[in-house]
Structures are given as C-alpha cells and as structure tokens.
Amino acid sequence: MSTTVTAEQFLATSIELATANVLNSGGPFGAVIVTADGRAFEGVNRVTATNDPTAHAEVTAIRNACRELGTFDLSGATLYTSCEPCPMCLASALWARVDRVFFAADRHDAASVGFDDAVFYEYFENDNRDALMPVAKLELGDPQAPEALQPDSTHGTRLIPGLITRARWLTWKAWIPQKCKKQLKSRLRSSPTVARAQSPQRQSTRQPAWQMATRSPGVELLPG
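Since the structure is predicted, the reported quantities are computational estimates derived from the model, not experimental observations. Note on numbering: residues in each chain are counted from 1, in written sequence order. Reporting in this predicted model follows two pLDDT cut-offs: at least 70 for local features of residues, and 80 or more for side-chain atom pairs to be given and counted; totals over whole chains, interfaces and linings ignore these cut-offs and use all residues. The basis for the side-chain values is all heavy atoms of the structure; hydrogens and waters are excluded.

Caption draft 1: Layout of the pairing of strand β1 (residues 30-34). Only protein chains enter the area calculation, which uses a 1.4 Å probe; residues under 20% of their type maximum are buried, those over 50% are exposed, and those in between are partly exposed. Comment: elements are numbered from the N terminus, with helices defined as DSSP H or I runs of at least four residues and strands as E runs of at least two. A large share of β1 lies buried, amounting to five of its five residues. Where burial is concerned, the two faces of β1 agree: the one with Gly30, Val32 and Val34 and the one with Ala31 and Ile33 are both buried. For two strands to be treated as a pair, DSSP must find at least two bridges joining them. In the sheet, β1 pairs with strand β2 (residues 40-44) via five bridges, with the strands oriented antiparallel. Each residue of the ladder has a partner; that of Gly30, found in β2, is Val44. If you look at the hairpin formed by β1 and β2, you'll find five residues sitting between the two strands, and Gly38 has a positive phi there, around 95 degrees. Strand direction decides the pairing type here: β1 and strand β3 (residues 78-83), joined by four bridges, are antiparallel. Across the sheet, the residue bridging to Val34 is Thr78, located in β3.

Caption draft 2: View of the state of the cysteines. By convention in this document, the label disulfide applies to cysteine sulfur atom pairs within 2.5 Å. A complete count under the given rule lists zero disulfides for this structure. Of all cysteine sulfurs in the structure, the one in Cys89 sits closest to Cys86, which takes part in no disulfide; the separation is 3.6 Å. Residue Cys89 is classed as buried on the basis of its relative accessible area of 1%.

Caption draft 3: Highlighting the packing of helix α3 (residues 57-69) against helix α4 (residues 87-95). At a minimum axis distance of 8 Å, the contact between α3 and α4 shows a crossing angle of 20 degrees. Taken as axis vectors, α3 and α4 run roughly parallel relative to one another. The interaxial crossing formed by α3 with α4 has left-handed handedness. Residues Glu58, Val59 and Ile62 of α3 pack against Met88, Cys89, Ser92 and Ala93 of α4. Looking at the contact of α3 with α4 residue by residue, the class counts come to five nonpolar, one polar and one charged. All axes here are fitted lines through C-alpha atoms, helices being fitted over the stretch that makes contact, and every angle between N-to-C directions spans 0 to 180 degrees. Each angle is binned into one of four classes, with values under 35 degrees roughly parallel, values over 145 roughly antiparallel, values of 65 to 115 roughly perpendicular, and all other values oblique. Should the near helix be turned anticlockwise from the far one by less than a right angle, the crossing is termed left-handed; should it be turned clockwise, right-handed. When checking whether two residues touch, look at their non-hydrogen atoms; a contact exists if any pair is within 4.5 Å. Nonpolar residues are Ala, Val, Leu, Ile, Met, Phe, Trp, Tyr, Cys and Pro. Charged residues are Asp, Glu, Lys and Arg, and all others, Gly as well, are polar.

Caption draft 4: The environment of Phe124, seen in detail. Mapped onto the fold, Phe124 is located in helix α6 (residues 118-125). Taking the C-alpha atoms as reference points, Phe124 and Pro87, separated by 37 residues in sequence, lie 8.8 Å from one another. Excluding its chain neighbours within four sequence positions, the residues that come into contact with Phe124 are Pro87 and Arg129.

Caption draft 5: Just the packing of aromatic side chains, in detail. Note on aromatic contacts: the rings of Phe and Tyr and the six-membered ring of Trp form a pair at centre separations within 6.5 Å, being stacked when their planes are under 30 degrees apart, edge-to-face when over 60 apart, and tilted otherwise. For the structure shown, the criterion picks out three aromatic pairs. Clustering of aromatic rings is evident, with ring pairs tying together Phe10, Tyr80 and Phe102. Counting as a charge over the ring demands two things of the Lys NZ or Arg CZ atom: a distance within 6 Å of the ring centre and an angle within 35 degrees of the ring normal. Across from the ring centre of Tyr121, 3.6 Å away, lies the NZ or CZ of Arg107, which sits over that ring.

Caption draft 6: Examining the sheet that holds β1 more closely. Reading across the sheet, the four strands line up as β2-β1-β3-β4 and stay open at both edges, with mixed pairing between neighbours. Looking at which strands have only one partner, the edges of the open sheet turn out to be β2 and β4 (100-105). Neighbour-to-neighbour, the strand axes of this sheet turn through a mean angle of 15 degrees, independent of strand direction. In this structure, β3 lies alongside β4, joined through five bridges in parallel fashion.

Caption draft 7: Seen up close, α3. In this model α3 runs 18 Å from its N-terminal to its C-terminal C-alpha over 13 residues, within 8% of the 18 Å that 1.5 Å per residue would give. Turning to α3, its buried residues number three or more, namely Ala57, Glu58, Val59, Thr60, Ala61, Ile62, Asn64, Ala65 and Cys66. Elements that come into contact with the buried residues of α3 comprise β1, β2, β3 and α4. Backbone geometry just downstream of α3 places Gly70 in the positive-phi region, at approximately 70 degrees. In this analysis, the expected span of each helix is defined as 1.5 Å times one less than the number of residues it contains.

Caption draft 8: Highlighting unusual backbone geometry. Unlike most non-glycine residues, Asn51 shows phi in positive territory, near 55 degrees. Mapping Asn51 onto the fold places it in the loop between α2 (47-50) and α3. We classify Asn51 as exposed; its relative accessible area is 69%. Phi at Arg97 is positive, roughly 65 degrees, even though this residue is not glycine.

Caption draft 9: Broad picture of the pattern of salt bridges. Note on definitions: salt bridges are taken to be side-chain nitrogens of Lys or Arg within 4 Å of carboxyl oxygens of Asp or Glu. Taken as a whole and assessed by the stated rule, the structure comprises four salt bridges. Arg67 is the partner of Glu68 in a salt bridge, and the nearest nitrogen-oxygen pair spans 3.9 Å. Summarising the burial analysis for this pair, Glu68 and Arg67 share the class exposed. Of the charged contacts, one joins Glu84 and Arg107 as a salt bridge, the two residues approaching to 3.0 Å between their closest N and O atoms. Taken together, the residues Glu84 in the loop between β3 and α4 and Arg107 in helix α5 (residues 107-112) connect sequence positions 23 residues apart.

Okay, structure coming up:
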C-alpha cells in the first residue's frame, strides 16, 4: 500500500470521527495521531461535552497519544485532522514535536458553517491585538513582592516559585539535547558548592544542592 493511500485513509478516519462525534454531544471535529512506527491514536472535539475550551480534537489526540506512549515527545508522528488546526492546536502540535500535519477542510470552510477561527489567526497576524485580548507584562511594585524569576547561585540554575518537583527536573534532563547536558555537567562541576558536596569527606553527610532543592515543594529547576 502506498504512503499516499495510507495518508488518505487516516484523513478519512478523522472525518468519520468528526461525523460520529456530533451524535455523542461533541463538535464536528476529529483527529488522528500516527507515530513513526504506525501506531494510531484518535481524538475528537469535547469542548461542549466537558466544558473544556482546550479539548479540541487535535489536542485530545495528542493527549491520548502521549498518555498511552508515556512520553510528551511525539517526534516522527503525523497529525491528521478533519479541519485546519486553530493556533492553539498548531502550538500543541509544535510542543509535542509532531513532524507533519494534514487537514481536510480549511479555516474558511469552517467559518462558512459557523466555526470562525479566522479571528484567532488574525490575532497573531496583525498589530491590533489588544482589540481582541490585551496581553501585557505587569511589574510588581511592592518591594516585598516575590521575584518572578529568582537566581540560584548554587549552580547557575533559576528557581521559579510554585513549580519545582524532582520528577519535572528528571523529565527536563531526559529531554534536553546531549550538548546541553554536557554544558550543564560542566557548569555543575565548576560550582564550588557542588564540588564540596561530592567530596569524599562530605558525600555521606551532605547531598548536592540541586537534589535538596528539587525536594522542596513549590519550586522548579530550570536552565540558567
């Protein structure tokens, strides 16, 4: 079977999912994520059914694929969707590292039947964005207010209050490119604090600073 025929079949499946979803209190949108090794994961629009404005078919398919595969990285995968993805769905596909996207109906077809996502595309394409939704940085004037980004002098990382977990740190370490890992290790070795923690005299009584920090609730380690 040719690649073209297979792609058309997956796209046809997304359309069938969209049609069937209307009978299940959902929106007329369906999507299929197909991994590089051929595994397929389906998703349908559940916005009105679950009162979740992010539950578009593409996002639902991405969520299903990531949950079943146990990863947030869908490199090599292709997204087939019954309608052109909105900016949110395109961004979700980018964050999931999806390789390619194929769609059937476009944004203008959707607008003709009452689903007008065109205004959201226009938000990113013009300078008058505030007319739709103002977005601005807000400075905290109170001297006692917490810093939005707090430097951590122990080993060149940054701490963001409210986000730190050991699991997230391990996930980040597994995701960053090998070159970045080497740079990070070099920086850790050059840190006096970490060097002391790894010395034979202190190894049994003191943990490296980053291990203790990642066990503290409410903070996340990020690259400096």
